[in-house]
Amino acid sequence: MLDEMRQLKQEYPDRILIASIMEEYNKDAWEEIIERVEETGVDALEINFSCPHGMPERKMGAAVGQDCDLLEEVCGWINAKATVPVWAKMTPNITDITKPARIALQKGCEGVSAINTITSVMGINLDTLRPEPCVEGYSTPGGYSSKAVRPIALAKVMAIGKMIKEEFNGQDVSLSAIGGVETGNHAAEFILLGANTVQVCTGVMLHGYGLAKTLCTELQAFMERHNFKSVEEFRGLSLEYFTTHTDLVRRQREAIEKRKAVRVGLSSDKEWTGDAFVKQTETMVSN
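What counts as what
- Residues numbered from 1 in each chain as written.
- Predicted model: local features only at pLDDT ≥ 70, side-chain atom pairs only at ≥ 80, totals over all residues.
- Heavy atoms only, no water.
- Helix = DSSP H or I, 4+ residues; strand = E, 2+ residues; numbered from the N terminus.
- Expected span 1.5 Å × (residues − 1).
- Buried < 20%, exposed > 50% of the residue type's maximum accessible area, 1.4 Å probe, protein only.
- Arc of directions from axis to C-beta.
- Contact = heavy atoms within 4.5 Å.
- Axes fitted to C-alpha atoms, helices over the stretch in contact; angles between N-to-C directions.
- Left-handed = near helix turned anticlockwise from the far one by under 90°.
- Nonpolar A, V, L, I, M, F, W, Y, C, P; charged D, E, K, R; others polar.
- Phe/Tyr/Trp six-rings, centres within 6.5 Å; stacked < 30°, edge-to-face > 60°.
- Lys NZ or Arg CZ within 6 Å of the ring centre and 35° of its normal.

Examining helix α9 (residues 211–225)
The first and last C-alpha atoms of α9 sit 21 Å apart over 15 residues, in line with the 21 Å expected at 1.5 Å per residue. Turning to α9, its buried residues are L211, L215, L219, F222 and M223. The buried residues of α9 occupy one face: seen down the axis, they fall within an arc of 115°. Every exposed residue of α9 that faces more than 90 degrees away from the buried side is listed here: K213, T217, E224 and R225. Summarising the contacts, the buried residues of α9 are in contact with α7 (184–192) and α8 (202–207). Within two residues after α9, N227 carries a phi angle of roughly 60°, on the positive side.

Things to note about the packing of helix α2 (residues 27–38) against helix α4 (residues 68–81)
Contact geometry of α2 with α4 gives a least axis separation of 10 Å together with a crossing angle of 35°. The way α2 lies across α4 gives a crossing that is right-handed. For the pair formed by α2 and α4, the contact residues are K27, W30, E31, I34 and E35 on the first element and V74, W77, I78 and K81 on the second. Among the residues making up the contact of α2 with α4, the classes are represented as five nonpolar, no polar and four charged.

Things to note about the packing of aromatic side chains
Enumeration over the complete set of coordinates arrives at five aromatic pairs. Chaining the aromatic ring pairs together yields one cluster made of F222, F228 and F234. Over the aromatic face of Y138 sits the side chain of R130, whose NZ or CZ is 5.6 Å from the ring centroid.

With respect to the environment of L175
Turning to its location among the elements, L175 is positioned in strand β9 (residues 174–177). Once residues lying within four places of it in the same chain are set aside, the contact partners of L175 are V112, V157, I160, G161, I164, G194, A195, N196 and T197.

Given below as structure tokens:
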């Protein structure tokens with residue numbers, strides 16, 4: 001891909017070209033790939049610490065992103081060698097995604113991107129009894145992507161967004177969001193959770209390169225609807241509305257007491273009715 005990167009930068013010198021790279025657990029190999037890629041003129045590097053297809057048996061891809069000690073060491077190698085900005089791409093296949101994201105930023109990465117695909121098994125062929133998809137009858141877990149992963153991606157990006165706001169506030173670090181983006185509204189959701197940029201892969205595969213213009217047009221429509229003049233005006237705006245389950249219970253209890261005082265809503269379980277069940281339920285979760 002080196003020739004393609006070099007050609008892209010020559011044809012579009014005013015555009016940003018970010019190379020996504022991956023290597024196994026070998027300092028010399030990482031230094032070599034970084035040097036060869038930077039020679040093509042790329043503007044930044046995105047380090048794949050996240051792909052379930054990354055031959056984890058060779059400590060590549062998600063195998064690094066799931067091991068914070070390994071991640072810390074490799075990030076140190078990379079940032080000591082790289083002369084362009086570096087983003088570390090996070091795997092969602094981990095309990096707390098803020099831990100590797102925090103380490104990547106502490107070790108000098110200019111930003112993190114999240115999420116990569118979710119480890120999955122598509123299914124089993126009940127005629128052949130072999131997993132799908134298969135190669136010569138055999139398979140391995142792969143990455144689940146597209147619109148189905150967006151709610152999971154939103155949660156992971158929210159967690160990283162809050163962590164960056166609380167621990168890196170004022171520092172020049174960034175968050176790039178990924179996961180099931182197909183509309184400008186999807187992009188707006190990620191930006192509201194603190195993302196500086198939004199990436200699209202499967203959406204373009206399904207809808208073509210023209211999707212990029214559609215995303216921009218729809219995002220601009222969202223901004224006009226809310227009178228936002230720039231992305232920075234609403235970036236991270238929704239983070240403050242995430243709280244704990246305990247706090248939600250307290251808030252709902254206080255709201256019920258207020259409604260009782262003015263006889264609005266349900267004062268007891270006896271007031272539930274079959275005809276109004278859906279509407280009464282919605283008043284409890286959408287307010």
